[in-house]
Amino acid sequence: MRDVARRAGVSLKTVSRVVNGEGGVRPDTTAKVNAAISALGFRRNDIARALRGGKRTRSLGLVIKDVANPFYSQIARGVEEVARANDLLVISGCSDEDPARERHLIRSLCERRVDGLLVVPSGNDHRYLISEISMGTPAVFIDRPPEEALEADVVLIDSVGGARAAVDHLLRHGHRRIACLSDLPGIFTASERLRGYREALGEHGVPVDEALVRPGRHDVTGAESAMAELLALDDPPTAVFTGNNRLTVGALRAIQAAGAGTALVGFDDLELADMLATPVTVVAHQPVEMGRRAAELLCRRMAGEELPPQRVVLPTHLIVRGSGELPPP
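Remember, predicted model here, so these are calculated numbers, not experimental data.

Colleague: With reference to specific residues and values, describe the sheet that holds strand β1 (residues 59–64).
Modeller: The 6 strands are arranged β2-β1-β3-β4-β5-β11 in an open sheet whose pairing can be described as parallel. Edge positions in the sheet fall to β2 (89–94) and β11 (311–314), since each of these pairs with one other strand and no more. When the angles between neighbouring strand axes are averaged without regard to direction, this sheet yields 15°. In the sheet, β1 pairs with strand β3 (residues 116–119) via 4 bridges, with the strands oriented parallel. Bridged to Leu 62 within β3 is Leu 118. The strands touched by helix α5 (residues 70–85) are β1, β2, β3, β4 (139–142) and β5 (153–157); relative to β1, the strand with the most contacts, the crossing angle is about 170°.

If you want it as structure tokens, here you go:
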């Protein structure tokens, strides 16, 4: 601002008035200041201005697992829609399912004085956030809740109900040997979907065969390997429930490689699922709406809304396309 004042031949206060849209400056003086700003490429530092005045930075921090996964990129899209409507900037980072990385990202965002946090948690210990929340930085958790020690808003998918509907669908098409590919046991959604799988079998009086349950499959390669092992059993499963979109892709690769007619229902819709030789039946939901609802909730908290922590659970629905309707051999 001093450089602008020197170039325009005016006082620092005059530059401040022009930059901040205040009155009391003659039009010709304003024109000289704006010309100097344009020539020098000056940009107001809104973060520094907010820190100096104790004001908001009009920014949100978003921590997700992996932006390359369409599920998380759609959550980010929903957040961006709300942020744009409220003239807010979103600063995002990926934790890569690493609790240490998540903690580092959140601390970095807080150091930059974001006005609120949106977090898809990787770790199970969020006590370090208690002080930030108590000092006025609200946080909303997405897809997975924080630990019980931290009271905060959370927006979830009905993972248990969706998994139960998927397995019930396979059971109603005559399958009894139904495998389950699940993500890491410590992940909330993985444990909830595995619970839904077990509950559906129990409701139909079908005992769980633990040899058909493969938890801890975190990516496409792991799911493909696990599915190949299942198909090589003396008495292989006739159907499989996959706990997320990455596991579905891995299972499909193994089924195709083996030339098996294994029925499949996957949790999460995936691109081109309706274009395959046998279109994929899925448990679908709306990750964009999840991001939108979380961001709207955070904006209300930032505006001063004081209510007990909210737990929003969004519904799922089954999209029948063909793979889940294949009959047992």
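Colleague: So what's going on with the side chain of His 285? Which residues, and what values?
Modeller: Its location among the elements puts His 285 in the loop between β10 (281–284) and α12 (287–302). Only 2.6 Å separates the side chain of His 285 from the side chain of Asp 268, close enough to count as a polar contact. Here His 285 is in contact with Phe 71, Ile 157, Phe 267, Asp 268, Pro 315, Thr 316 and His 317, once residues within four sequence places are set aside.

Colleague: I'd like a description of the nonpolar core, backed by residues and values.
Modeller: Counting residues in hydrophobic clusters, the biggest one holds 46 residues, and the most contacted among them are Leu 118 and Tyr 197. If we skip the residues at most four places from it in the chain, Tyr 197 touches Ala 163, Val 167, Ile 178, Ala 179, Cys 180, Val 208, Val 213 and Phe 241.

Colleague: Residues and numbers for the packing of helix α10 (residues 220–231) against helix α11 (residues 245–258), please.
Modeller: Interaxial distance between α10 and α11 falls to 7 Å at its minimum, and their mutual angle equals 40°. The angle between α10 and α11 falls in the class oblique. Here the hand of the crossing between α10 and α11 comes out right-handed. The segment α10 lies against α11, with Val 220, Ala 223, Glu 224, Met 227, Ala 228 and Leu 231 engaging Arg 246, Leu 247, Val 249, Gly 250, Ala 251, Arg 253, Ala 254, Ile 255 and Ala 258. Of the residues belonging to the contact of α10 with α11, the class tally is 11 nonpolar, 1 polar and 3 charged.

Rules used in this analysis
Residue positions are given per chain, counted from 1 along the sequence in the order it is written. Reporting of local features is limited, given that this is a predicted model, to residues whose pLDDT is at least 70; pairs of side-chain atoms are given and counted only at 80 or more, and all residues count toward the totals for whole chains, interfaces and linings. Side-chain measures were taken over the full set of non-hydrogen atoms in the model, leaving aside hydrogen atoms and water. Each pair of strands is called paired provided DSSP finds at least two bridges between the two strands. Secondary structure elements follow DSSP: runs of H or I of four or more residues count as helices, runs of E of two or more count as strands, with numbering from the N terminus. For helices, the fitted axis covers only the stretch in contact; all axes are lines through C-alpha atoms, and the angles between them, taken along N-to-C directions, range from 0 to 180 degrees. Whether two residues are in contact is decided by their heavy atoms: any pair within 4.5 Å suffices. Any pair of nitrogen or oxygen atoms within 3.5 Å is treated as a polar contact; in protein, a donor-acceptor pairing is required on top of that, and neighbouring residues in sequence qualify only through side-chain atoms on both sides. Side-chain atoms within 4.5 Å link the members of a nonpolar core, which is a set of buried Ala, Val, Leu, Ile, Met, Phe, Trp, Tyr and Cys residues. Buried residues are those whose accessible area, probed at 1.4 Å on protein chains only, stays under 20% of the maximum for their type, while exposed residues exceed 50% and partly exposed ones sit between those limits. By the definition adopted for this analysis, an angle is roughly parallel if under 35 degrees, roughly antiparallel if over 145, roughly perpendicular if from 65 to 115, and oblique otherwise. Here is the rule for handedness: rotate from the far helix to the near one, and if that takes an anticlockwise turn smaller than a right angle the crossing is left-handed, while a clockwise turn gives right-handed. Residue classes follow a fixed rule: Ala, Val, Leu, Ile, Met, Phe, Trp, Tyr, Cys and Pro count as nonpolar, while Asp, Glu, Lys and Arg count as charged, and any other residue, Gly among them, counts as polar.

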